[in-house]
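One-letter residues, chain by chain:
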Amino acid sequence: MWYPKAVKPEEPIPTVGGKGGRVDFVLDGLKWLIELKVFRDETDWKATMFSDITSKIERYGKDPRCDVLFVLIYDPNRAFRSAVAVEHELSAERTIGDRKFRVHVIVTPQA
């Protein structure tokens, strides 16, 4: 099995509209970006986490290193009642400007 030569943690993302950031992992050889999140509760999801993920999808999608963005949401207490719906809502082929990329949102574990 082939593995990428470099998995780069905490890589800077180019500034877009004055806003920069860091993606958790970059697999350059595959052009994959990986963002990790921890689900705490529904209130946190509605208050901050959903908008944070959607804004990162927009920002990371503009990065030329991104053909695929994985957003992995760890739910240690299996409390995320909308996990399947969120995976289906946010996982999709996207186009930003002239860039096409794929987003995969995965919530684990699930009840």
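Structure: above.
What counts, and at which threshold
- Residues numbered from 1 in each chain as written.
- Predicted model: local features only at pLDDT ≥ 70, side-chain atom pairs only at ≥ 80, totals over all residues.
- Heavy atoms only, no water.
- Core = buried A, V, L, I, M, F, W, Y, C linked by side-chain atoms within 4.5 Å.
- Buried < 20%, exposed > 50% of the residue type's maximum accessible area, 1.4 Å probe, protein only.
- Helix = DSSP H or I, 4+ residues; strand = E, 2+ residues; numbered from the N terminus.
- Contact = heavy atoms within 4.5 Å.
- Polar contact = N/O pair within 3.5 Å; in protein donor to acceptor, adjacent residues only side chain to side chain.
- Salt bridge = Lys/Arg side-chain N within 4 Å of Asp/Glu carboxyl O.
- Pairing = 2+ DSSP bridges.

Engineer: Just to check I follow, could you spell out the nonpolar core for this structure?
Structural biologist: One recurring pattern in soluble globular proteins is that nonpolar side chains are buried together. Formed by 23 residues in total, the largest nonpolar core has its most connected members in Leu-33, Trp-45, Ile-53, Leu-69, Ile-73, Phe-80 and Val-105. Per-element accounting of this core gives the leading share, five residues, to helix H1 (residues 42-61). If sequence neighbours within four positions are ignored, Val-105 has contacts with Val-71, Ile-73, Val-86, Glu-87, Leu-90 and Ser-91.

Engineer: Please explain the side chain of Glu-35 as it appears in this structure.
Structural biologist: Relative to the assigned elements, Glu-35 resides in strand E3 (residues 32-38). Polar contacts involving the side chain of Glu-35 include one to the side chain of Tyr-60, which spans 3.1 Å. With near-sequence residues (within four places) excluded, Glu-35 lies in contact with Arg-22, Val-23, Asp-24, Lys-56, Tyr-60, Phe-70, Val-71 and Leu-72.

Engineer: For this particular structure, what's the right way to read the pattern of salt bridges?
Structural biologist: Oppositely charged side chains may form a pair once their charged atoms are brought near each other. One pass over the full model with this rule turns up six salt bridges. Where Lys-37 meets Glu-35, a salt bridge forms, and the shortest distance between an N and an O atom there is 3.7 Å. The pair formed by Lys-37 and Glu-35 is uniform in burial state, with each residue classed as buried. The partner of Lys-37 in a salt bridge is Asp-52, with the nearest N and O atoms 2.4 Å apart. Within this pair, whereas Lys-37 is found in strand E3, its partner Asp-52 is found in helix H1, the two being separated by 15 residues in sequence. With relative accessibility at 26%, the residue Asp-52 sits in the partly exposed group. If you follow the salt bridges from partner to partner, you end up with Glu-35, Lys-37, Asp-52 and Lys-56 in one network.

Engineer: Help me out: how do you make sense of the pairing of strand E6 (residues 99-108) in this one?
Structural biologist: Along any regular strand the residues' side chains alternate between the sheet's two faces. Side chains of E6 alternate between two faces, with Arg-99, Phe-101, Val-103, Val-105 and Val-107 buried and Lys-100, Arg-102, His-104, Ile-106 and Thr-108 left unburied. Pairing geometry for strand E4 (residues 68-74) and E6, over seven bridges, is parallel. If you follow Tyr-74 over to E6, its bridge partner there is Thr-108. Bridge count between strand E5 (residues 92-96) and E6: five bridges; the pairing is antiparallel. Bridge pairing in E6 places Thr-95 opposite Lys-100. The turn linking E5 back onto E6 is made up of two residues, and Gly-97 within it adopts a positive phi angle of 65 degrees.

Engineer: Hey, could you run me through the environment of Pro-12 in this one?
Structural biologist: Within the element layout of this structure, Pro-12 appears in strand E1 (residues 7-16). Residues Pro-12 and Phe-25, spaced 13 residues apart in sequence, show a C-alpha to C-alpha distance of 9.8 Å. Beyond its immediate sequence surroundings of up to four residues, Pro-12 is in contact with Gly-21, Arg-22 and Arg-65.

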